[in-house]
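Here are the chains, one letter per residue:
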Amino acid sequence: MAAPRPRFASALGSTVREWRGVYLAREGSGRYDWHLAVAMALMVGAPVLVGAATGWPREAGVVSLGAWFTSLAVPKATAADRVRQAAFRTVLLTTTTAVGLLAGDLLWTVLLVSAVLCLLSPLTDVGVTPLITLVMAVGPQSVPDTGPHLLLFAGGSAWAGAVLLVPLLGGTYAAPTAGPRPARRGVGESLAALRGAAREGNPRLRYAVRICVCFTVAYAGLTWLDVPHASWALVGILTTLRPSWGATRTRITKRLIGLCLGCVLTVVLLALTSGRPVAAAIAITVCGGIARPMRGWNYGFWPVFGTPVLILLTETHAHVVWSDVLQRLTNNALGALLAAVTVLFVWPAREERRLPERLQTLLETHARFLERVATVVEYGPPPARERRVRAAQAASADLRTALDRLRGPHPDAVAAVVAADRLRGAITPLRPYATSGLSAPDLRTAASHLDVTAAGLTSLEFDATGRSATGALDSARAAVGAGAA
């Protein structure tokens, strides 16, 4: 009879499986869009291929960099909106690049501009990309003269916008929406809405304040300490800090695992393309085409192919070795750590506004429970299955207790607790290890659906989070119901 595995090995295996599940989970209904892959290869690859052929690789790299950042926005649905989007992105990103180039040595100027951009980052048309172009522009550049650098960057941004206007590449156009556009708020109404959001602890406002505090403090500290490649730590903050702890934790897992793989790929490509501009241009074209659609399909794969593109484009003037790549990875991990600390301790949510986060925990713990049951079905009884049951039960009890403390009733959240109890009730009577009739693939599919729903809760309206969680838990119950029956 085989000896039981040590507890440490079992816990390590469970943690690895959990990370793997989070990393491989798709982004909702996202899919890999090959049209966008072709568009990205054209936007980023064409300039560097032309530059390699004409002997201007550094200048071409700036053009491709402008195209790279502009392409990160999801193309608008109508032709008119897409034109406005391209023009707005070109002006915004070129302006923030100019600030970085001209005011890079003026710390307080950069901090003031970055604070404003942080507070605007929750807006869909702004996001965090302008902050990234700002910090990337501070420091040595491929083209040292500011004027030519900005013209090349703006040209690349406009080129990307022009490519995305092609329906085959940027997506087919939708018909313009019928009826009048919604009226814009006046200054008084906007200020009143802002005061109300501050009183209620609105998640978008809390997110803006958190990212402002984290980014500006980290920027000042890293600049004062003169940390090499500090911009990568700042990018780590911007790409991992999300409105809730559950979403931030998921993004950190996906980004750091993907970045580790991306750094390995970068070292290999640097070795193969060193001193070969044409080979480097081909590598940028291929990786860029693969990377961009990954953002909407599985964010974890985006840094795998995006990292070598960004390093090859920004370091055309320097000889980059593996230790430089490792230092960038370390700085990115530092940024992710700062993001995690910020979301936990800066402006904690009021009890009522924490319901989406508690619902996320409810879904995530039940997803881990289903994964553990699937492992039991496939490989036999691991000793830690009971711990997963207790964690799921504790999440339900914690949410039920929180609901009792709130000012008013929340029937949708109560329904989610009941749905979670039903899901556990379909399996836990089979304890300790009786799993006859249960299907491991169905269990893992249900767990993945719970993870995806949990990650998407923060993008929903507050009143819809309970209904979404209830639907996901009921779907999971139906997926395992045939075996449990």
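Rules used throughout
Per-chain numbering applies: the sequence of each chain, read as written, is numbered from 1 onward. Owing to the predicted nature of the model, reporting of local features is limited to residues with pLDDT of at least 70; listing and counting of side-chain atom pairs is limited to 80 or more, with chain, interface and lining totals taken over all residues. Only heavy atoms go into the side-chain values, all of them from the structure, while hydrogens and water stay out. Only runs of H or I of at least four residues qualify as helices and only runs of E of at least two qualify as strands under DSSP, and these elements are numbered from the N terminus. Relative accessibility decides the category of a residue: with a 1.4 Å probe and only protein chains considered, values under 20% of the type maximum give buried, values over 50% give exposed, and everything between is partly exposed. What makes two residues a contact is simply this: any of their non-hydrogen atoms within 4.5 Å. Only rings of Phe, Tyr and Trp enter the pairing, Trp through its six-membered ring, and a pair is recorded when the two centres are within 6.5 Å. The plane angle decides the type: under 30 degrees is stacked, over 60 is edge-to-face, the rest tilted. Residue count minus one, scaled by 1.5 Å, sets the expected span of a helix. Here the term cavity refers to a set of points on a 1 Å grid, laid over the protein atoms alone, in which a 1.4 Å probe fits but cannot get out; the term pocket refers to an open set having protein on both sides within 12 Å along at least five of seven lines, with lining residues being those that place an atom within 4 Å of a point. Grid points are joined across faces, edges and corners, and a volume is the space filled by probe spheres set on the points. The term salt bridge refers to a side-chain nitrogen of Lys or Arg lying within 4 Å of a carboxyl oxygen of Asp or Glu. Criterion for a disulfide: a pair of cysteine sulfur atoms at a distance within 2.5 Å. Buried Ala, Val, Leu, Ile, Met, Phe, Trp, Tyr and Cys residues that are joined via side-chain atoms within 4.5 Å together make up what is termed a nonpolar core. Only residues above 30% relative accessible area that lack a salt bridge enter a patch, with like-charged residues linked at up to 9 Å and the nonpolar side chains Val, Leu, Ile, Met, Phe, Trp and Tyr linked at up to 5 Å. For every accessible area listed, the method is Shrake-Rupley and the probe measures 1.4 Å; residues are considered covered only by the protein chains on display.

Draft legend 1. Structural view of the overall build of the protein chain. Each helix and strand counted, the protein chain has 21 helices and 0 strands in total. Buried residues in the protein chain amount to 49% of all 485 residues. A separation of at least 24 residues holds for 81% of the contacts in the protein chain among residues at least 6 apart in sequence.

Draft legend 2. Focus on the packing of aromatic side chains. This structure, assessed with the given rule, holds 4 aromatic pairs. An angle of 75 degrees between the planes, with centres 5.5 Å apart, marks the rings of tyrosine 23 and phenylalanine 301 as edge-to-face. Pair noted here: tyrosine 23 is in helix H1 (residues 7–24) and phenylalanine 301 is in the loop between helix H14 (294–297) and helix H15 (302–314), with a separation of 278 residues, a long-range link. A centroid spacing of 5.8 Å and a plane angle of 50 degrees characterise the contact between tryptophan 297 and phenylalanine 301, whose relative ring orientation is tilted. Taking the relative accessible area as the measure of exposure, tryptophan 297 reaches 24% and is therefore partly exposed. Ring pairs connect the aromatic residues Tyr23, Trp297 and Phe301, which therefore count as one cluster.

Draft legend 3. Focus on helix H3 (residues 57–70). With 14 residues, H3 should cover 20 Å at 1.5 Å per step; its first-to-last C-alpha distance of 20 Å lies within 8% of that length. Counting buried positions over the 14 residues of H3 gives 11, a clear majority of the element. Every buried residue of H3 is listed here: Ala60, Gly61, Val62, Val63, Ser64, Leu65, Gly66, Ala67, Trp68, Phe69 and Thr70.

Draft legend 4. Molecular detail of the layout of surface pockets. Taken as a whole, the second largest pocket encloses approximately 930 Å³ of empty space. In terms of lining residues, the second largest pocket is bounded by 39 residues, among which Val135, Met136, Val138, Gly139 and Pro140 are the most central. Where the lining of the second largest pocket is concerned, the elements lending two or more residues are H3, helix H4 (79–103), helix H6 (129–136), helix H7 (146–164), helix H10 (203–225), helix H11 (230–240) and H15.

Draft legend 5. Representation of the side chain of histidine 366. Relative to the helices and strands, histidine 366 resides in helix H17 (residues 355–379). If we skip the residues at most four places from it in the chain, histidine 366 touches Ala392, Ser396, Ala420, Leu423, Arg424, Leu450 and Leu473.

Draft legend 6. Representation of the environment of valine 91 in the model. With respect to the helices and strands, the residue valine 91 is situated in helix H4. Between the C-alpha atoms of valine 91 and serine 157, which are 66 residues apart in sequence, the distance is 8.8 Å.

Draft legend 7. View of the pattern of salt bridges. Following the criterion strictly, the structure yields 10 salt bridges and no others. Between lysine 76 and aspartate 125 there is a salt bridge whose closest N-O contact spans 3.2 Å. Residue lysine 76 is found in the loop between H3 and H4, and its partner aspartate 125 is found in the loop between helix H5 (107–120) and H6; the two are separated by 49 residues along the sequence. With a relative accessible area of 29%, lysine 76 lands in the partly exposed category. Accessibility expressed as a relative area gives 41% for aspartate 125, which makes it partly exposed. The salt bridge partner of glutamate 364 is arginine 249, with a shortest N-O separation of 2.2 Å. Residue glutamate 364 is found in helix H17, and its partner arginine 249 is found in helix H12 (residues 245–273); the two are separated by 115 residues along the sequence. Looking at arginine 249, the relative accessible area reads 34%, which means it is partly exposed. A single salt-bridge network, built from bridges that share partners, covers Arg368, Glu371 and Asp451.

Draft legend 8. Layout of the environment of valine 267. Of note, valine 267 is situated in helix H12. C-alpha separation for the pair valine 267 and valine 321, spaced 54 residues apart in sequence, amounts to 7.4 Å. With near-sequence residues (within four places) excluded, valine 267 lies in contact with Trp322 and Val325.

Draft legend 9. Region of interest: unusual backbone geometry. Phi is positive for aspartate 226, which is not a glycine, with a value near 55 degrees. By the secondary structure assignment, aspartate 226 is in the loop between H10 and H11. In this structure, histidine 229 takes a positive phi of about 55 degrees despite not being glycine. Within the fold, histidine 229 resides in the loop between H10 and H11. The partly exposed category is assigned to histidine 229, whose relative accessible area is 27%.

Draft legend 10. Here's a closer look at the state of the cysteines. For the coordinates displayed, the defined rule picks out 0 disulfides. Looking at cysteine 212, it has no disulfide partner, and the nearest cysteine sulfur is the one in cysteine 118, 5.1 Å off. Cysteine cysteine 260 shares no disulfide, and the gap to the nearest cysteine sulfur, in cysteine 263, comes to 6.7 Å.

Draft legend 11. How the structure looks around the nonpolar core. With 72 residues, the main nonpolar core has Met43, Trp68, Phe69, Phe215 and Leu234 as its most contacted residues. With 8 residues, H10 is the largest single contributor of residues to this core. When residues no more than four places from it in sequence are discounted, the contact partners of leucine 234 are Val135, Phe215, Ala218, Tyr219 and Leu222. The next biggest cluster of nonpolar side chains, apart from the first, holds 35 residues, and it includes Leu355, Ala367, Leu438 and Ala440.

Draft legend 12. Region of interest: a nonpolar patch on the surface. On the surface, a cluster of nonpolar side chains totalling about 470 Å² of accessible area is made up of Leu334, Leu337, Val341, Leu344 and Phe345. Within the secondary structure, leucine 337 sits in helix H16 (residues 322–345).

These figures capture arrangement, not role.
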